[in-house]
Each structure stands twice: as structure tokens, then as C-alpha cells.
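# Structure assessment
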Amino acid sequence: MDYVILSMTLLAIGIYGLLTKRHLLKVLISVELIATAASMNFVLLASSLNKALGEAFLILAFSTDTCVTGIILALLVIASKKYGTCDIRKLAKLEQHETIEGEGKSDSKIKEDIV
Amino acid sequence: MIEILDVSLPIISFVLFSLLTIPVVKAMRKRKGMKTVLTLGWFSTVFIIAAIPIANLAIKYYEHPSPQPFLNITLTSEPLAIFSSTFMIDAMSIYMAIIFTIVGAVTFLYSIFYINLSERPSERYYSVMLIIIGCIIGTAFSGDLLTLFIFWEASAAGSSFLMLYRKTPSSLHATLKYLVMIIIASAFIVYGLSIVYGITGTLNFWAVKQALIALEDKHLLVTAFIFIAAGYAIEAAVVPFHMWLPDAYTAAPASSSAFLSALIDQGSYYVLLRVLIYILTPPTVLEWTVMLAVFSALTMIVGNLLALAQENVKRLIANVCIADVGYNLVAITSVTPLGIMGNLYFFLIGGITTALSFMALGILNRMGFETLEDFSGVGRRMPFTSLALLLGVFSFAGVPPLAGFIAKYLVFTSAIEANLSWLAVIGVLTSIIQAAYLLRLINYMYAKTPQEETKIKEPKKLLVPIFILVAAIIILGVYPTIVLNLIEPVIQQLPFIP
Amino acid sequence: MLPYASWLVWVIPTLSSLFVPLVARLGGKARDCFAVIVSLAATVFAFSMVPDVYFDTLTNPESTVPWISTLGINAGVFIDPLSVLFANLIAFFGFIIIIYSLGYMAGEEGLARYYFFMLLFIGSMIGLVMSDNFLQMFVFWEMVGLCSYSLVSFWYKRPESVGAGIKVFLMTRVGDVCLLAAIALLYASLGTFSFHDTIAKIGAVPLPTLTAVAFLMLGGAVAKSAQLPLHTWLYSAMEAPTSVSALLHGATMVKAGVYLIARLFILFGPLALSIPMWLPSVAWIGAITAFVGATLAVHTPDIKGVPAYSTISQIGFMMAALGAVSPTSSQGWFAGLFHMLSHAFFQGLGFLAIGGIVHTLGTRDMRLMGGLRKAMPITFGLSIVVMFARTGVPPFASFFSKGLIISSLWSTGDVLLVLTIYAATSVTFAYTLRSIILTFLREKSDYLKKIHLHEAPKIMLFSSGILAVLCAAWGLLGNLVAKFMHVSVEIGLSEVYSSSTLIFLIVLFLGGFPVYLTYSRKSVLIERTRRTLLAPLNTVLEHGYFFDDFYEKVIVKGFGGISKGLRRIEVTGFGRLPYFFAHGIIRIANGAHKHVENAIFNRLPQFTANGVISLAHGTREYLDVFVDEILYIAANRTLLSASKLRKTYSGSLQHFIAAALLGFLILLILIIATMFR
């Protein structure tokens, strides 16, 4: 039972972090906390059942989680290199100015190739 | 007899080819001439070779009709079988695999022309696309919750690369939001699955179902259901879990939007359908129909009303995708053979139509037309693209004889059959709203006077895949039997549905 | 019957329409010939079915081929007097109109498109009446709508045409949805679409379902046939070329509703009489539309508006007659259909004549016309024929049909209904006379003196001539038609000398005399009355009973408002509300910030009041207040800075998660509500 409470707490902390933190890295940590909470629950129930399938599942689930984490990390690197910020709100603001400079420009270049 | 190799060969071939694609495309880029022809040749070889094992599987499956509703195929032999992934083959998974391959091939053709070949990371784009097709076919074949989860997460996470391709701030932001939502969803699902596993001690579809039917105290199951349903609802973009979808589809390049709406969207409905109908079958296992009906009504209403307010056309179509989720949920909610049939038909038609619209929008966006205001008089300046968009839009609105009509008709009739007339009424009313805003789009395209009258040269290559899909919606609208015959065996295999 | 005539009659025009663009490549002559030949072929096939039905020698009235075999749905044709009657009318009328178009549309741009849609229009309308099941019928029903949409906005460069096309499509779509719902309901209770099975099993449908089906189908017919309150699209559709209008009014589109109601009587059989309030509803909708349509026609200054409103009114007559079916006789049913035929002829003729005028003058405003009698004598003659035929002067066709309608309405015993119809008849004469006086009889206007006037082209007069002869002689064939329809109705030619004729003529006179005084004599007294006493009535008529204003202001604006509000919520509210929600929970859990508490307790009453007001008004301004109020309660600096987010076009990540959590909560509540009862 203690473990269930622990995993619930982890979940709550993770969601709180997602709701309040603005830095990408902190968002990432919150995401990891949620994933850990879920995994912990799984291990818990699997061990009580005494079957190996639970652990097998967990290893695979971890691997997908890690992949997604990797992608988010990559995004973080892109964001900080290209736009010099890791703040998600600032990224959202960048969005407004971008339609003219960003995609528009590269598109007009491609337009010539296509037609 | 179907062996494990028969089942895994399509997946393996897609993954293998996706790895091979990177060096091949790189080599082609260095050549001077014949680039397009060679690329087309390479990718058509890929799809033909991958289609052969699927055709083989379908033939083998229908050759010896088995008494069971499905075939369970494990990776390893008996003693270790509980550790291994399980595949399950039934008529539905074969149907899904076939439509994923065909629709995937057409959208792929579009991306070949849309994404510039000589641009640097384009080989990765194609490679990711192929791997996603493989994973999503894997999702269709999976036989236990673990395999389903792995394949589905792989394709959902993989699709973030497609959104991110241009690396603009908006796509970066949208992808980030998408990924975080996906990971929350997967955490919820794992949480729910852990409880299911705790109750039943297994993850195999059939075994879980049997154990759950025998279950007496359902409180824990309901807790698990909440987590699983919320998780898959995020991935399928059910309102109010939908908010990532318009951002993601608007920020992605058009070819990615088309691909995602045609494969990932339909795949997520499929997963929802599989879990809800095949495992948590109402009413023997869990009675969730009323709850889902509320969500489907919410999705239809909010999706359509939001679309009504959009000025950006791509965002409008993205909101139509959300509304489509609502119509699909109507069919799932009815839990009747007719509903499942409508659902499976809707998967195909919805995928084709949204893909078609995004493809046409891709061309129009290239020329600098983004908002409704920009679309003024486009009908005269770019007649072919506009015609395709017009037909796609009519199919959305459910105008016969286009395919959207039959799909919506099946869905609404099934709701009435299941005594959910109020849901059908909401569906029909929202369809009227849909007709209203889609006609507004047409009004802009054809009735308003453009700022300049000059005709714009339309890229002929990009129009080829678009018109393949246009032909498909017309043919399937006039003669839906072609697809309904494929769906028929699925319905026969639903003995547990009243 | 020619072999496969019942199939070929609609397959030929539908499929050959696809070849029009190809044939048009060969040249204008080839394209015209092709259209004429195809429509002629349809007419021949349609006519070949007549003897079989007349002598009742059909062995096999249905033939089907598998269509959607998985659902057991077949495509097929259903041959009975009703469908053959309609098929003949449509095919023949289509043929006449195609010939007329050769002259009327000559030299226009985009003629390949025109003939493509015309042939498709004719083909799908014949397909509609020949269908043997509801689903097939519905597909054709929609195709008819699509074709009329495209034809109404044929001159797509004129914004009014396109706007009118969209209006046609949207308003008739309301009816389509009703029809679809009715079909689905019927399918859900019978498990079949086929007419044949429906007739056999209809007794098994519970009465409430049957009632719902019948009323929904009536809704479909009301929208398609431009009955009150969905009639306004028909006037807008006048933006179409006149030949299209003639086809739309004479044989296709608006007649589909009449066909549907007439078909329902066959499908439901005697059960149709047992549906509560259904027959009176049909009759009263018809009667009121007949009167309202006629009064609208009196006022319109548009020469094409007269036949437009006239059609609304005349279809009202037909509906009234269809609603007057009684258990003992099907006289009303036959009267409605017979009037439908005579209406097709005189209205078609009316349009063709007007088409000639519009073609020559280049304007549609009757106030600019006058004194055309000398310049266009043949057109004048045709218009006089139209006037007699439309008002029902004996022995023109509609004299007999209107007589039948009135006598069948008498048999229902509803005197008010009969009086309404009499009033409508009277006004019919009034508006027709008015249009003739304005166009042909009074002084030549200044506008006309500048134009060179000439008679319409020969080929256009040819079509008009055929229709004029039919208008005059059709009534004498009434008994033959009755026998063809297998209805025991006797139309006595001696009725001309009866007392009812006298009443009829008196009624006509009552309507015509004031008009004569006003427009021809310019009576001062009448004019003054019109200016002063009837001024409010004038305003009402000018705005077409405010129907369009209602649709424009309430429905269109209302939806726009709702969706705009929702967009605001998407941008601001959807973001903020869950945000507030999440923050609130966290704050409370953290140990109650005094600030928030203060804000809640101090601001709560004001917030509630504002909330109520905002709900009551539901306007955007108040929605803003509402959202701001929520913001204030949260009273959080970060939130206030987030109000800059108003302008961003996509939400931030936190909003998404908060919304998802909200959804999770809804899920939880629903589960508790539904599963643990």
C-alpha cells in the first residue's frame, strides 16, 4: 500500500511540474516522474503476482519512454541552439513572428523547384 | 497454416527498407539526372515487396477459414510463450493492414514530390515514414496489450519527426506539446494496464477478457478503465483531450499532416476500438456506452463549432479531423455489427478525405494562400487543386454520391439501432454546421473576386496522388461494396456482440 | 415497353452527361445535337412505358441488381403509374427546355458545363422517381440538389448567382437531413430500404415511429418544394438562367417534394390516414403557402419573381390537395398530381415567355417595362395563355384541377381551408393581371424607348408553342390521365356550366378588379388607400414576411456569435479556465493563500451576478467580462501576464495538460454517475 501511495505522489508531483514549470528541462523531469510513477505501480503489482511478464513489459515500456525522452532532449538542444531559449512560453511567442520569416521563406524557395 | 514469419514479415520488411532507404537516397542525391525516376522506382519496389507478404497473409488466412474468431501466434514455443509478444490475426487486422499499406503508399507518393529530394535530411523523413507504416501494421497485428502498447507508442512517438521536419518555432512548439501529451498518455495507459495486469495476471487480449468476465468486484477495473480511456483519448484527440491536434497538424508540413491524419489518426481510433470493443466488451465486462456517448457528443459539437470559427484553412481542416473522431466514437458507442462496419468504413474514408484535403492545402499553402481571405477566387486561378479540395469538402459534408455519405449514413443508422437516437440527432445537426462552414470555404474559393486574376501553374506531379484519392472517394461512394466486402468477415467474427 | 426502358430512361441521360465535355471538343453544333438527342432518347424511353401502365399489362413491375450486397441493398426501378407519370413529365419537359436553350443560351460561355449539368439534372430527377428504394432515392435527391446548386450559380462571375446557389444548397439541405433521418428511422424499424418490402411490412411499424417518419419526410418535402417556412430559396434561385428556372420549376427539384408526399401515400397505404395530425398538417402548410406565396407575388417588382412566388403558391395548392385525402376517395391525391401536371405546363410556358422578354430587354424590373404588346405580339399572346391557364379560366387545364382540389377540400369539411384556397385563387388572378398590365399594357416607358425591340428567336418560340397548346388542351385529357393513374375520378366537362364555376369566376373577379383599378385606371381612391391604410402591409410584403431577415439575423448571426465566442474560449477561456482550475487546486492544497481566499469571498457575489447576466445576454462583451472575472478571482500575477496570450494563436502546453485533466475529471464524474448506480 505504501508503494501505491508513493507512486500516486510521484504522479501528482509530475503533473504539478508540468502545469507550472516553464523551462523545457524541468518539463522533461516532470515527464520522467510521471513515467516512473506508472512503472513503479507496474513493478509493484507484478511482484505481487509472482509472474515474470510484468517485468518484461516494464523493460519494454521503459525503452519507449526513453526514446521519447531522447526526442524531447533533442528538441531542447534545437530550441536553445536555434532560438536561444528553453522557455516554452517564449517559444510560443516566437511563433507569431515566424510565419513570414520561417516557413514562408523556405517555401518560396522550394516553390521554384516544384513548378 | 500461418507461421510467425508470415505475420512479422510485413513489419520486418518495412523496417528493413526504412534502414536501407537512407544510404540509397543519399547515393541518388549525388547523381545528376533521372533522380525522380530512380526514387520513384526505389520506393515503388519497397511498397511492392512489402505488400507481397500482406497479400500472402490475407490469402492464407482466407484459404482455411478457422473455427476460432482469431489466430493467436506467439513468438516462441510453449514454455516461454508467456514472456513473448503475441500476434493476433483476424479479419479486422488484415483489413487495417491492407488500408494502411494502400493509403500509406499514396501519401508517400505525395511526400516524395512535396519534400524536396535534394534537401539534406529528406532521406530521414522517408525512412521515418516507412518505419511508422511498419509499426502501425504491427499495431494492427498485435495480440496482447504489451505488443499493442509498444508498436503504438513507437508509431506515435515516431510521427513527431514528421511534424518537426521544417524546424520552425511553431512546429518545434507544437511537437513538444504533442510529445508531452503522448508521454502523459502512455503513462496513464501503463498505470491502467498495471492494474489490469494485477487483476488478471495476463495481458493477452483473449485471456484478459475471459478473466474480466469472471471478475466479480469491478471497482479496480473501473479505476483501470479511467486511466486507459483517458490515455487513449489523449492519443485519439477526443474533446477535451484534443488540444494538441490542431496545433500539431497546422505546424507540420502538408505531407506530414496528410500522412498523420490518414494513418496515425485512423490507427488511434483502431486502438481505441480494439481495447473498448474486444477487451472491455459491454455489457459483459464493463458498461461504458453512456459515458462514451457523452464524449462523442462533446467531440462532435466542439470540433465542428471550433472549425466554424477558424480563419486559417489548414487549422479548419484539422478541426474537422477532431469532429471526425466524434463521428467515429458514435459508431463505437453503438456496439452493433452495423456500427463496427460503419466505423471500419469511416476509418478508410475519413483517412482518405482528410489526407486529400491536406494534400490540396499543401499546394495552396505553397502559393502563399493560408487564410480564408487569401482563398478568395482561388477556384479560378488553380482549377484542379480547388476541384480536389471541393470534392474532399463535399465528402466531409456527407453529400452523396461521395463516399462520406455512406460512411456517415452507416454511423448514424447504427446509433439509431442502438437506441441512441439523441446521439444521432446531434450528429446530424453538427453535420449541418459542417456543411455551413465548408460551404463558406467554397464560397470564398469560387465566389469572391481574387486580388489578381492571373492563373497559377499547378504542380502536376503533386496532383497525381491527389486525384488518385479523389477517384477513390467517388468510386467508394457509388460502389461501396468493394470495401464492405472486405469488412464483412470482420462482422461475422463478432459473436460476442449482440 | 422497349426493352430495359425503365433503366435506360435515367441511365442514358446520367451517363451521357459525362460525355458532354468530350463531345463539346468537336464543336458547338455537335454538343447541341448530342444534348437534344440524349433528351429525346430519354423521352422516347419514358413514353414507351405508358401503354404498359395504361393497360396494366406489366408482368414484373420491379427489377433490381445488387448494389451494396453486404447490407442487402439492391439498386432497382419501380414501375407504377406515379413513377411513370413523373418520368414522362420530366423527360418531355427536359427535351423541350433543351431545345429552348439552343436559342436562349446561344453564345454563352461554358455551355459544355451547362449541358452537362442539365442532362445530369434530368437524369438524376428521373432516377429519383424511378428508384425502388429509399437509399437510391436519397442519392438522386442529393444529386438533384447539387445540380440545381451548380446551375443556379451558372454565371459564377456574378456574386449574387453564387450566393443564391449556396442559399439553395443550404436551405434544401435542412430538408435533406430530415429526409435522411426519416429513412434511417424507417430502416431501423423495418430493416429494409426497398419500397416493395416497405409496403408489405409497414403495418409492423409502431405508430409513434411512423408519425416521426411521416413528419420528417414532410420536412424534407417542405424544404425541397419551397413551402413555408423554407420557401425563400426559390426566389433567390431566380439568379439562374431562365431556362434553368423553367426546368427547376416545371419538372425537377421543386416537384421532388410533391413526388415524395404522393409516394408516401402509396407506401403507407391506409395507415397514412391514421397518423395523428399529419394530413391536416400537409393540407394547412399547403394552403397557407398558397396564400402567402400569392400575396408575395403581388408585390414583387421583378418579372421573374412573379412565377417564382407563383410556383411556391401553386405547389401549396398541390400540397393542400394531397392533404385532403379521405378514407373513401383518393380524389385529393389525384387532384394534386393533376394540378402538378397543368402547373408544369403553364409555369414552363410562363418562364419561356419571360425568358424572351428578359433576353430582349436586358432587365428584370417590371417598373421599367410597359407597352410591349405591339413590339412582341407573340409573347403577349403566350402570356395571355399563361394568365388564363394559371388562374384557371375554363376550359384551361387548371380550371379542372383547381375544381378537383376545391371539391376534395370541401369533402374534408374544413371550411377555413377552403376559404384560404379561394383567397389564394383570387390573389393568383390579381398578381397575374398585374404583371400583364405592367409589362404589356400601359404606356411605353422611357427606358424601353431607347432599346430596339424585337420578337424572341424562332427556336425559342417553337418550345413555347408546344407548351401553349398543352396548356389549353390538357384539361380535356383529364379522364385519360385518371384512368392512367388507376384512380376512379370522373372529370365532367359539363362542370363548366355548374354553380361552382360561377363562384370561382366571382372569386377571380374579386381579385382582379382592384388590380385593374390600381394599375390600369390609376384610380386615385385605391392608390391613396394603398399608400396610407395598407402601408404596414406593404412593408411586410416588401420584406417577404421577414423570413429572410429572420434567417439572416437570428440563425446565421447567432451561429456566428456562438462560434466566435467559442473561438474566444479556445484562445482565452479554454486556456484560462483549466489553468485557473489547476492553480486553484494547487493553491488550496498548498495551504490557502490569503490573497486567493479574500478574492473568492469578496468577489463571489459580484461574480455570480455577472455570470447570470452574461448567460442571459450571451453576448461577446459579457463573455469577456465573465472570463475577466474568473481571472480576477484567480488574482494571480502570472495569470494576468498570461492575458497577453490572448493574441497568440495556439495555446501553451500547460493549458493542454489542464484541459486534459479537466477531461479526466469529467470521465471520473461520468463513471461515478453511470457505473455505480
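Scroll up a little and you will see the structure.
Report on the accompanying structure. All of these numbers come straight from a predicted model, not from anything done at the bench.

## Description of the overall build of chain C
In terms of helices and strands, chain C carries 31 helices and 2 strands. Taking as baseline every contact in chain C between residues at least 6 positions apart, the subset at least 24 positions apart corresponds to 80%. Total accessible area on chain C is roughly 26,700 Å²; 69% of this is exposed by carbon and sulfur atoms.

## Quick word on the pairing of strand S1 (residues 62-68) of chain C
Residues and elements named next belong to chain C. With 6 bridges joining them, S1 and strand S2 (residues 73-78) adopt antiparallel strand pairing. When the sheet's bridge partners are listed, Thr 64 is paired in S2 with Gly 76. Between S1 and S2, which pair antiparallel one after the other, the connecting turn spans 4 residues, and Gly 72 there sits at a positive phi close to 70°.

## Regarding the packing of helix H3 (residues 91-114) of chain B against helix H4 (residues 122-141) of chain B
All names here are of chain B. Contact geometry of H3 with H4 gives a least axis separation of 9 Å together with a crossing angle of 170°. Of the possible angle classes, the one that applies to H3 and H4 is roughly antiparallel. Across the interface between the two elements, Ser 93, Met 96, Ala 97, Phe 100, Thr 101, Gly 104, Thr 107, Phe 108, Ser 111 and Ile 112 of H3 pack against Tyr 125, Tyr 126, Met 129, Leu 130, Ile 133, Ile 136, Ile 137, Ala 140 and Phe 141 of H4. Of the residues in the contact of H3 with H4, the class split is 14 nonpolar, 5 polar and no charged.

## Describing the interface of chain A and chain B
Chain A puts 47 residues into the contact, and the matching count from chain B is 47 residues. Together, the buried faces of chain A and chain B total about 4,600 Å²; carbon and sulfur atoms form 77% of this surface. For the interface between chain A and chain B, the tally reads 0 salt bridges. The interface formed by chain A and chain B holds 2 residue pairs in polar contact (both at pLDDT 80 or more) in total. Every element with two or more residues in the side of chain A that touches chain B is listed here: helix H1 (2-20), helix H2 (24-49), helix H3 (53-83), helix H4 (88-101) and helix H5 (103-114) of chain A. Tallying contributions element by element places H3 of chain A first for the side of chain A that touches chain B, with 15 residues.

## As for empty space enclosed by the protein
To locate leftover empty space, one rolls a probe as large as a water molecule over the atoms. Residues and elements named next belong to chain C. Taken as a whole, this structure holds 18 cavities of 30 Å³ or more when the rule is applied. By volume, the largest cavity amounts to about 170 Å³. Looking at the largest cavity, it is lined by 15 residues, and the ones nearest its centre are Gly 350, Ile 354, Ser 383, Arg 390 and Ser 435. Counting only elements with at least two residues in the lining of the largest cavity, the list comes to helix H16 (305-322), helix H17 (331-361), helix H18 (377-391) and helix H20 (415-441). Sorting elements by how many residues they give to the lining of the largest cavity places H20 first, with 5 residues.

## Notes on the state of the cysteines
If you walk through the whole model with that rule in mind, you get 0 disulfides over all chains. Counting only cysteine sulfurs, Cys 67 of chain A is the nearest neighbor of Cys 135 of chain B, a cysteine outside any disulfide, at a range of 10 Å. What makes Cys 135 of chain B buried here is its relative accessible area of 12%.

## Some words on the nonpolar core
In terms of nonpolar packing, the biggest core is built from 478 residues, with Tyr 345 of chain B together with Trp 278 of chain C touching the most fellow members. In terms of residue count, the dominant contributor to this core is helix H6 (residues 169-200) of chain B (19 residues). In this view, Tyr 345 of chain B contacts Tyr 95, Ala 403, Ile 406, Ala 407, Leu 410, Leu 476, Gly 477, Pro 480, Val 483, Leu 484 and Ile 487 of chain B; residues no more than four positions away in its chain are not counted.

## Regarding a positive patch on the surface
A surface patch of positive charge is lined by Lys 82 of chain A together with Lys 26, Lys 30, Arg 124 and Lys 167 of chain B. Looking at where Lys 30 of chain B falls in the secondary structure, it is placed in helix H1 (residues 4-30).

Quick notes on the rules
Residues numbered from 1 in each chain as written. Chains lettered and ligands numbered in written order. Predicted model: local features only at pLDDT ≥ 70, side-chain atom pairs only at ≥ 80, totals over all residues. Heavy atoms only, no water. Helix = DSSP H or I, 4+ residues; strand = E, 2+ residues; numbered from the N terminus. Contact = heavy atoms within 4.5 Å. Areas by Shrake-Rupley, 256 points an atom, 1.4 Å probe, with all protein chains shown as cover. Pairing = 2+ DSSP bridges. Axes fitted to C-alpha atoms, helices over the stretch in contact; angles between N-to-C directions. Parallel < 35°, antiparallel > 145°, perpendicular 65-115°, else oblique. Nonpolar A, V, L, I, M, F, W, Y, C, P; charged D, E, K, R; others polar. Buried area = accessible area lost by both parts, 1.4 Å probe. Salt bridge = Lys/Arg side-chain N within 4 Å of Asp/Glu carboxyl O. Polar contact = N/O pair within 3.5 Å; in protein donor to acceptor, adjacent residues only side chain to side chain. 1 Å grid on protein atoms, 1.4 Å probe; cavity = no way out; pocket = protein on both sides within 12 Å on 5 of 7 lines; lining within 4 Å. Points joined across faces, edges and corners; volume = space filled by probe spheres on them. Disulfide = S-S within 2.5 Å. Buried < 20%, exposed > 50% of the residue type's maximum accessible area, 1.4 Å probe, protein only. Core = buried A, V, L, I, M, F, W, Y, C linked by side-chain atoms within 4.5 Å. Patch = residues over 30% accessible without salt bridge, like charges linked within 9 Å, V, L, I, M, F, W, Y side chains within 5 Å. Lys, Arg positive; Asp, Glu negative; His and termini not counted. Charge placed at Lys NZ, Arg CZ, Asp CG, Glu CD.

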